[in-house]
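As a plain string of letters, each chain reads:
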Amino acid sequence: MSGKLILIRHGQSQFNLENRFTGWLDVPLTAKGEEEAKKAGQTLVSLNIKPVVAFTSGLQRAQKTLQIVLEQLNLTNLPIIKNEALNERHYGALQGKNKAETAEKFGEAQVLVWRRSFDIAPPEGESLKDTAARTLPYFKKAILPLIQQGQDVLIVAHGNSLRSIVMEIEKMTPEQILKTEIGTGNAWIYESTSTAEKTEFKLSSGR
């Protein structure tokens, strides 16, 4: 059996606009972010994709994006499951701080290490490896079985939680995933093929 996996990163948030580290801070979408969400929904309409269930994080920017996407699809009654396992990477002591000002305080090299290393976390925060350690068990337990049953599943979440999933299903190395960017409002659509032994994913739209 085969089902589709649709990954959408939330639209531009207020802190994206202000160039701030966001993490688990619960900031709203900007007007541009809402428009990006609308376009993501229209992309799914144009591809005739109608998920049967949607998953999102515990943060409003992802939830609002999902709401707008479902409005475009005329699927506002679709079952929605929210879980903090899909939240953005926690940036710890950096959350809310301007990225340029943080670079001035700690040095550009140190901030680059925190942002672009796979397993080095900022103070009191998470690395991408840490994010994957909470996102992937949830994905494998709650989401993957539905896809293996042939269902089309939508996930609207965040850059780093989605990168964790992409790394897993595309079998990427840490070096490869660190070079992979998922833009705000972008929709990545995967076709899956499942056997008794494994499930394979192939990107059919996005990137």
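Structure's up top.
The text that follows walks through the structure, step by step, so that each part is easy to find. (Residues numbered from 1 in each chain as written. Predicted model: local features only at pLDDT ≥ 70, side-chain atom pairs only at ≥ 80, totals over all residues. Heavy atoms only, no water.)

A look at the overall build of the chain
Heads up, the condition is: Per the convention used, a helix needs a DSSP run of H or I reaching at least four residues, while a strand needs a run of E reaching at least two, with both numbered from the N terminus. Every radius of gyration here is taken over C-alpha atoms, with the globule rule written as 2.2 Å times N^0.38, N being the number of residues. Areas reported as accessible are Shrake-Rupley estimates using a 1.4 Å probe. Residue values count occlusion only from the protein chains shown. All tallies of charge rest on Lys and Arg as positive and Asp and Glu as negative; His and the ends of each chain are not included. For charged residues, the charge sits on one atom: NZ in Lys, CZ in Arg, CG in Asp, CD in Glu.
Scanning the chain from N- to C-terminus turns up eight helices and six strands. Whereas a compact globule of 207 residues would reach a radius of gyration of roughly 17 Å, the chain reaches 17 Å, a difference of no more than 12%. Judged by the C-alpha coordinates and their principal axes, the chain covers about 50 × 40 × 25 Å. A total of about 9,800 Å² of accessible surface is found on the chain, and carbon and sulfur atoms cover 48% of it. Of the side chains in the chain, 26 bear a positive and 23 a negative charge, and the two mean positions are spaced by 2 Å.

Observations concerning helix α3 (residues 60-73)
Operational definition: The span one expects for a helix is its residue count, reduced by one, times 1.5 Å.
Over its 14 residues, α3 runs 20 Å from end to end, which matches the ideal 20 Å to within 8%, given 1.5 Å per residue. Two residues or fewer after α3 comes Asn74, characterised by a positive phi angle close to 60°.

Quick word on the packing of helix α6 (residues 128-148) against helix α7 (residues 159-169)
Operational definition: What counts as an axis is a line fitted to C-alpha atoms, over the stretch in contact for a helix, and the angles between N-to-C directions run from 0 to 180 degrees. Geometric relationships in this document are graded by angle, where less than 35 degrees denotes roughly parallel, more than 145 denotes roughly antiparallel, 65 to 115 denotes roughly perpendicular, and other angles denote oblique. Each crossing gets its handedness from the near helix: less than a right angle anticlockwise from the far helix is left-handed, clockwise is right-handed. By definition, residues are in contact when any of their heavy atoms lie within 4.5 Å. All residues other than Ala, Val, Leu, Ile, Met, Phe, Trp, Tyr, Cys, Pro, Asp, Glu, Lys and Arg, Gly among them, are scored as polar; the first ten of these are nonpolar and the last four charged.
The geometry of α6 relative to α7 is characterised by a closest axis approach of 8 Å and an angle of 70° between their N-to-C directions. Taken together, the axis directions place α6 and α7 in an arrangement best described as roughly perpendicular. In terms of crossing hand, the pair formed by α6 and α7 is right-handed. When α6 is examined against α7, the residues Leu128, Thr131, Ala132, Thr135, Leu136, Phe139 and Lys140 are found in contact with a partner set consisting of Asn160, Ser161, Arg163, Ser164, Ile165, Glu168 and Ile169. Broken down by class, the residue content of the contact of α6 with α7 amounts to six nonpolar, five polar and three charged.

Let's talk about helix α2 (residues 31-46)
Operational definition: Each residue gets one of three labels from its accessible area relative to the maximum for its type: buried under 20%, exposed over 50%, partly exposed in between, using a 1.4 Å probe on protein chains only. When we speak of the arc, we mean the arc of directions from the helix axis to the C-beta atoms.
Here α2 contains 16 residues, and its C-alpha end-to-end distance of 23 Å stays within 8% of the 22 Å for a straight helix at 1.5 Å per residue. All of the buried residues along α2 are Gly33, Glu36, Ala37, Ala40, Gly41 and Leu44. Taken around the axis of α2, the buried residues stretch over an arc of 140°, which confines them to a single face. Exposed residues lying more than 90 degrees from the buried face of α2 are Ala31, Lys32 and Ser46.

Brief notes about the nonpolar core
Which entries qualify depends on this criterion: Buried Ala, Val, Leu, Ile, Met, Phe, Trp, Tyr and Cys residues that are joined via side-chain atoms within 4.5 Å together make up what is termed a nonpolar core.
Of all hydrophobic cores here, the largest spans 31 residues; its most connected members are Leu5, Leu7, Phe55, Ile155 and Ile165. For this core, the elements supplying multiple residues, two or more each, are β1 (4-9), β2 (53-56), α6, β4 (153-157), α7, α8 (174-178) and β5 (187-194). Counting residues per element, this core draws most heavily on α6, which supplies nine residues. Not counting residues up to four positions away in its chain, the partners in contact with Ile155 are Leu5, Ile6, Leu7, Ile8, Phe55, Leu86, Phe139, Ile143, Leu162 and Ile165. Among the nonpolar cores identified, the runner-up in size contains 17 residues, and Ile8, Leu44, Ile49 and Leu154 belong to it.

Regarding the packing of helix α4 (residues 99-106) against helix α5 (residues 108-116)
When two helices pack together, their arrangement is captured by the angle between the axes and the distance separating the axes. At a minimum axis distance of 6 Å, the contact between α4 and α5 shows a crossing angle of 120°. Taken together, the axes of α4 and α5 are oblique relative to one another. Mapping the contact onto sequence places Lys99, Thr102, Ala103 and Phe106 in α4 and Glu108, Gln110, Val111, Trp114 and Arg115 in α5. When its residues are assigned to classes, the contact of α4 with α5 shows four nonpolar, two polar and three charged.

Observations regarding the pattern of salt bridges
Test applied: By convention in these notes, a salt bridge is any Lys or Arg side-chain nitrogen within 4 Å of a carboxyl oxygen on Asp or Glu.
Evaluation of the coordinates by the stated rule reveals eight salt bridges. The shortest N-O distance in the salt bridge between Glu181 and Arg116 comes to 3.2 Å. Highlighted residues: Glu181 in the loop between α8 and β5 and Arg116 in helix α5, separated in sequence by 65 residues. What makes Glu181 partly exposed here is its relative accessible area of 47%. Between Glu168 and Lys140 there is a salt bridge whose closest N-O contact spans 3.5 Å. Of this pair, Glu168 sits in helix α7 while Lys140 sits in helix α6, placing them 28 residues apart in sequence.

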